Amino acid sequence: MTADFLSQLSKDRVIAVVRAPEIPDAAALCAALRAGGIRWIEFTRTTPGLAAHLRRAVAEDGDGIGAGTVMTGEQAEELIDAGARYLVTPGCRPDVAKAASAAGVPVVLGALSPTEVGLALDLGADAVKIFPARAFGPGYLRDLAGPFPDVPLVASGGVDEDNAAAFLATGARAVCAGSNVVPPSLVAAGDWPEITRRARAFTDSCR
Ligand SMILES: O=C(O)C(=O)C[C@H](O)[C@H](O)COP(=O)(O)O
């Protein structure tokens, strides 16, 4: 599963991160993102009713659906049970890594410094999310790729149409598109055409 996860992520290169207080229809949101060329969709745990949203999204099409901002082993188990196909954390979370490994689900652990990247690898991360990427910029990923040439790095936090290509060019295997593509206000309004438009603009900027 890990090899499939990585090879597909390396090909698609964009994960949409949904952090929204209100989601009228998670399946419709996923369809809107896919129509704009994004097939990896991470629903974050700060979203109320996350497990129910995951179940709704996965019932329609589970491909590429994951859970983010996972902090504990218990949360990991609940979200895997709700259908998450992979887990993402903001930082190195050993219990999340353990629960993901026990369930055979890929995990992307968050890190910022070289020490944390090393820790994430020790914990069995399938990929390492560099967060917050905007604070250090694309050049920082190039620097990290020196000592960690084979580590799949994912740039997250403040990635937009203007800097996504630079992050991908300097060493990110994939980038996360959060509030730039999926702003909470558009999600709450169910403005799927605008979300599709933003997803398309973002994926086009990555070419
Ligand atoms: O750590 C987590 O759990 C995250 O999901 C990190 C950020 O919230 C996302 O990367 C979205 O960030 P923006 O693109 O700036 O909206």
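About the thresholds
- Residues numbered from 1 in each chain as written.
- Predicted model: local features only at pLDDT ≥ 70, side-chain atom pairs only at ≥ 80, totals over all residues.
- Heavy atoms only, no water.
- Phe/Tyr/Trp six-rings, centres within 6.5 Å; stacked < 30°, edge-to-face > 60°.
- Helix = DSSP H or I, 4+ residues; strand = E, 2+ residues; numbered from the N terminus.
- Buried < 20%, exposed > 50% of the residue type's maximum accessible area, 1.4 Å probe, protein only.
- Lys NZ or Arg CZ within 6 Å of the ring centre and 35° of its normal.
- Salt bridge = Lys/Arg side-chain N within 4 Å of Asp/Glu carboxyl O.
- Contact = heavy atoms within 4.5 Å.
- Axes fitted to C-alpha atoms, helices over the stretch in contact; angles between N-to-C directions.
- Parallel < 35°, antiparallel > 145°, perpendicular 65-115°, else oblique.
- Left-handed = near helix turned anticlockwise from the far one by under 90°.
- Nonpolar A, V, L, I, M, F, W, Y, C, P; charged D, E, K, R; others polar.
- Pairing = 2+ DSSP bridges.
- Right-handed = clockwise from strand over helix to strand, strands pointing away.

Chemist: Is there a simple way to think about the packing of aromatic side chains in this case?
Modeler: Given two aromatic rings, their pairing is described by the distance between the two centres and the angle made by the two planes. The final tally for this structure, using the stated rule, is four aromatic pairs. Seen in terms of ring centroids, Trp-40 and Tyr-86 are 5.4 Å apart; in terms of plane orientation they differ by 55°. Their pairing is tilted. Placement of Trp-40 in strand S2 (residues 40–44) and of Tyr-86 in the loop between helix H4 (73–81) and strand S4 (87–88) is noted, with a sequence separation of 46 residues between them. Each member of the pair, Trp-40 together with Tyr-86, is buried. Ring pairs connect the aromatic residues Phe-5, Trp-40 and Tyr-86, which therefore count as one cluster. Between Lys-129 and the ring centre of Phe-131, over which it is positioned, the NZ or CZ distance is 5.0 Å.

Chemist: Just to check I follow, could you spell out the pattern of salt bridges for this structure?
Modeler: Two side chains that carry opposite charge are able to pair once their charged atoms sit near each other. Scanning all chains against the criterion turns up ten salt bridges. Put simply, Arg-56 and Glu-60 hold a salt bridge, and the shortest N to O gap is 3.3 Å. Taken together, the residues span about one helical turn, with Arg-56 and Glu-60 both in helix H3 (residues 50–61) at a distance of four residues. Residue Glu-60 is classed as exposed on the basis of its relative accessible area of 54%. In this structure, Lys-98 engages Asp-95 in a salt bridge whose closest nitrogen and oxygen atoms are separated by 3.6 Å. One end of the pair, Lys-98, and the other, Asp-95, are both in helix H5 (residues 94–103), three residues apart, so they sit about a helical turn from each other. What you see here is one network of salt bridges that share partners, running through Asp-12, Arg-39 and Asp-63.

Chemist: In this structure, what is going on with the environment of Gly-137? I would like to understand it.
Modeler: Relative to the helices and strands, Gly-137 resides in the loop between helix H7 (133–136) and helix H8 (138–145). Accessibility expressed as a relative area gives 12% for Gly-137, which makes it buried. With 45 residues separating them in the primary sequence, Gly-137 and Val-182 have C-alpha atoms 21 Å apart.

Chemist: Looking at this structure, how should I read the environment of Leu-141?
Modeler: By secondary structure assignment, the location of Leu-141 is in helix H8. According to the relative accessible area criterion, Leu-141 is buried, its value standing at 0%. Note: C-alpha distance between Leu-141 and Ala-99 (42 residues apart in sequence) is 28 Å. Apart from the residues within four sequence positions on either side, Leu-141 is in contact with Ile-130, Leu-153, Ala-155, Phe-167, Thr-170, Gly-171 and Ala-172.

Chemist: Can you walk me through the packing of helix H2 (residues 26–35) against H3 in this structure?
Modeler: Between two packed helices, what matters for the description is the angle formed by their axes and the separation of those axes. Contact geometry for H2 and H3: axes closest at 7 Å, N-to-C directions at 55°. Of the possible angle classes, the one that applies to H2 and H3 is oblique. Where H2 crosses over H3, the handedness of that crossing is right-handed. Facing Ala-26, Ala-27, Cys-30 and Arg-34 of H2, the residues of H3 in contact are His-53, Arg-56, Ala-57, Glu-60 and Asp-61. Across the contact of H2 with H3, the residue classes tally to four nonpolar, one polar and four charged.

Chemist: Is there a simple way to think about H2 in this case?
Modeler: For an α-helix, 3.6 residues make a turn, and residues three or four places apart therefore share a direction. All of the buried residues in H2 are Ala-26, Ala-27, Leu-29, Cys-30, Ala-32 and Leu-33. Next to the buried residues of H2 lie strand S1 (14–18), S2, H3, strand S3 (65–68), helix H10 (184–189) and helix H11 (192–205). Looking one or two places after H2, you find Gly-37, whose phi comes out positive at around 95°.

Chemist: Please clarify how the packing of H4 against H5 should be interpreted in this entry.
Modeler: One can describe the packing of H4 onto H5 by two numbers: an axis separation of 7 Å at closest approach and a directional angle of 35°. In this structure, H4 meets H5 at a crossing whose hand is right-handed. Facing Gly-73, Ala-76, Glu-77 and Ile-80 of H4, the residues of H5 in contact are Asp-95, Val-96, Ala-99, Ala-100 and Ala-103. Here the contact of H4 with H5 is composed, by residue class, of six nonpolar, one polar and two charged.

Chemist: Teacher, can you tell me more about the pairing of strand S6 (residues 127–130) here?
Modeler: Within a regular strand, the side chains alternate between the two sheet faces. Burial along S6 is two-sided: Ala-127 and Lys-129 and Val-128 and Ile-130, pointing in opposite directions, are all buried. When strand S5 (residues 107–111) meets S6, the two strands line up parallel, connected through four bridges. When the bridges of S6 are listed, Val-108 appears paired with Ala-127. A crossover connection joins S5 to the parallel S6 through helix H6 (residues 114–122); in handedness this β-α-β unit is right-handed. As defined by bridge partners, S6 adjoins strand S7 (residues 153–155) across three bridges and the pair is classed as parallel. The residue of S7 that forms the bridge with Ile-130 is Ala-155.

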